[in-house]
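Listed below are the residues making up each chain.
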Amino acid sequence: MIYRIMINALQILPYFAYLNVNAMPAATERSSKNLDSLEFPITEFKNPFRDSLNKRFDLEIGLKYEQDLFYATILEIGTPIQEITVLFDTGSSDLWVSSSDNPFCLPENGGSTYTNKTYEGQKIVPSIDCRLSGTYDANSSSSSKKLDIGRFYTNYSDGSFADGYWCQEKLVIDGNDISSLQFGVAEFASTPAGGVLGIGFQSLESVRGYDDAPQNFYPNFPQVLKKEGFIDTVSYSLYLNSNASSIMFGAVDQSKYTGNMYTFPMVNEYPDIVDKPATLATTLQCLGARNRDDCKQKTFSTTKMPALLDSGTSLINVPQQVLEEMASFVNATYSENDQVYILKCPPDDDGTEFIFDFGDLKISIPLSNLLLLPAQNGYCGFGVMPADDTFI
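Small disclaimer: the values here were computed from a predicted structure and weren't measured. Each chain has its residues counted from 1, running along the sequence as written. Thresholds applied to this predicted model are a pLDDT of at least 70 for local features of residues and 80 or more for the giving and counting of side-chain atom pairs; totals over whole chains, interfaces and linings are not thresholded and use all residues. Side-chain numbers here rest on the full set of heavy atoms in the structure, without hydrogens or water.

A.B. asks: Let's hear about the overall build of the protein: which residues, and what values?
C.D. replies: Helix and strand definitions here come from DSSP, where helices need a minimum of 4 consecutive H or I residues and strands a minimum of 2 consecutive E residues; each element is numbered from the N-terminal end. When helices and strands are tallied, the protein shows three helices and 31 strands. Classification of the 392 residues of the protein by burial places 54% in the buried group. The contact criterion used throughout is that any non-hydrogen atoms of two residues lie within 4.5 Å. Taking contacts inside the protein between residues at least 6 apart in sequence as the whole, the part at least 24 apart equals 67%. A 1.4 Å probe and the Shrake-Rupley method give the accessible areas. Residues count as covered only by the protein chains that appear here. Total accessible area computed for the protein in this model is approximately 18200 Å², and 46% of it derives from carbon and sulfur atoms. Note on exposure labels: buried denotes an accessible area under 20% of the residue type's maximum, exposed denotes more than 50%, and partly exposed covers the range between, all computed with a 1.4 Å probe on protein chains only.

The structure is reproduced here in structure tokens:
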């Protein structure tokens, strides 16, 4: 069976994609939600956890590479209810929440609660204002149940991680009870979020590959929605917009897009480990750029490579050599102090665009969509970051 991704052809921003995460027959297109589909509003969360993030939105390009902008929703957890803002992530498959005892959190009252705490022999320097997204206090909930199945651990490409234990608890999202969902409680978490709600494949679950891992896969969030009868097929359509975003499970909302939908086979990035795709990746066949104003154009890559569709990151990531050529095309230079490419901010009518070629579908993204704004002293950041031989 071929795993496929459907992408809307005509809209670049907002972004719309339909994803079948279980290789089942495509969900029926619907003009509105009904009893066998669910739609959740997603908040565009401008993350102010670090000084660098404040700088990002104040256009202090210096620490732009550390800045976060992610799509999130509210999770109600425990008895009585505790509210936590969790990142909605197509690039992972587990739900986890940060413990109220996470030593990476800044002390609430400026005290020294977490002084001299260490993780794997390294001293922890608290850096996250956890009050902004909330944390989970298991001791304050009468419905918390720690699972005796081993350790919970996950990490991400930016080096952040979450480490703790597995749990079951009273869980409600957008009024829907999902308490049968197994999740992780991070006693140590360096990720600047209250938690992450991963909605990827079960084969990507963090249950193997580390000490005391449970080893067994489990029904994750999309699977639980089907098991509990909320949806009739394990699939979802994702609509990302700076004003109003949403994700619909089990159906496609036709009002969210115009034009045609294109279907692409998914890529198995780890054929030596799994026999089916474990990530939401398709093949990028070519990447180039052009400037209509001065008839300038350049091809950066014609090597077919997997491109991961990941809602958990807001910036494009490309191999280092490709990034250098993209930056050169727009006369951007790398700032060692800022650790980001910067360029003189182009005029509003600049004709530069980058073309991502997926074969049947070519997506053109104007330079203006890749700028880190607002400007500082007439310079903007270039919103493309380096990655290890992959496109995200």
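A.B. asks: Please give an account of the packing of aromatic side chains that cites residues and values.
C.D. replies: The geometry of an aromatic ring pair is captured by the separation of the ring centres together with the interplanar angle, meaning the angle of the planes. Between 30 and 60 degrees the pair is tilted, below 30 it is stacked and above 60 it is edge-to-face, where a pair is any two Phe, Tyr or Trp rings, Trp via its six-membered ring, whose centres lie within 6.5 Å. A complete count under the given rule lists 17 aromatic pairs for this structure. Ring plane angle 85 degrees and centroid distance 6.1 Å describe the contact between Phe300 and Phe329, whose orientation is recorded as edge-to-face. Here the residue Phe300 occupies a position in strand β22 (residues 296-301), and Phe329 occupies one in helix α3 (residues 320-329), the gap between them amounting to 29 residues. Judged by centre distance (6.5 Å) and plane angle (65 degrees), the ring pair of Phe329 and Phe354 falls under edge-to-face. A residue pair is termed long-range when its members are at least 10 positions apart, and Phe329 in helix α3 and Phe354 in strand β27 (residues 352-357) qualify at 25 residues. An aromatic cluster of at least three residues, connected via ring pairs, comprises Phe104, Tyr119, Tyr153, Phe161, Phe188 and Tyr210.

A.B. asks: How would you sum up the sheet that holds strand β21 (residues 286-291)? Please name residues and give values.
C.D. replies: Pairing between two strands requires that DSSP report at least two bridges joining them. The antiparallel open sheet is built from four strands, whose spatial order is β22-β21-β27-β28. Each having just a single partner strand, β22 and β28 (362-366) make up the two edges of the open sheet. The sheet shows a mean angle of 20 degrees between the axes of neighbouring strands, direction not considered. Of the strand pairs in this sheet, β21 and β22 are connected by five bridges, and their pairing is antiparallel. Its bridge partner being in β22, Leu287 is matched across the sheet by Ser301. Axes, fitted as lines to C-alpha atoms, cover a helix only where it is in contact. Angles between the N-to-C directions of the axes lie from 0 to 180 degrees. Running over the sheet, α3 touches β21, β22 and β27 and is turned about 170 degrees from β22.

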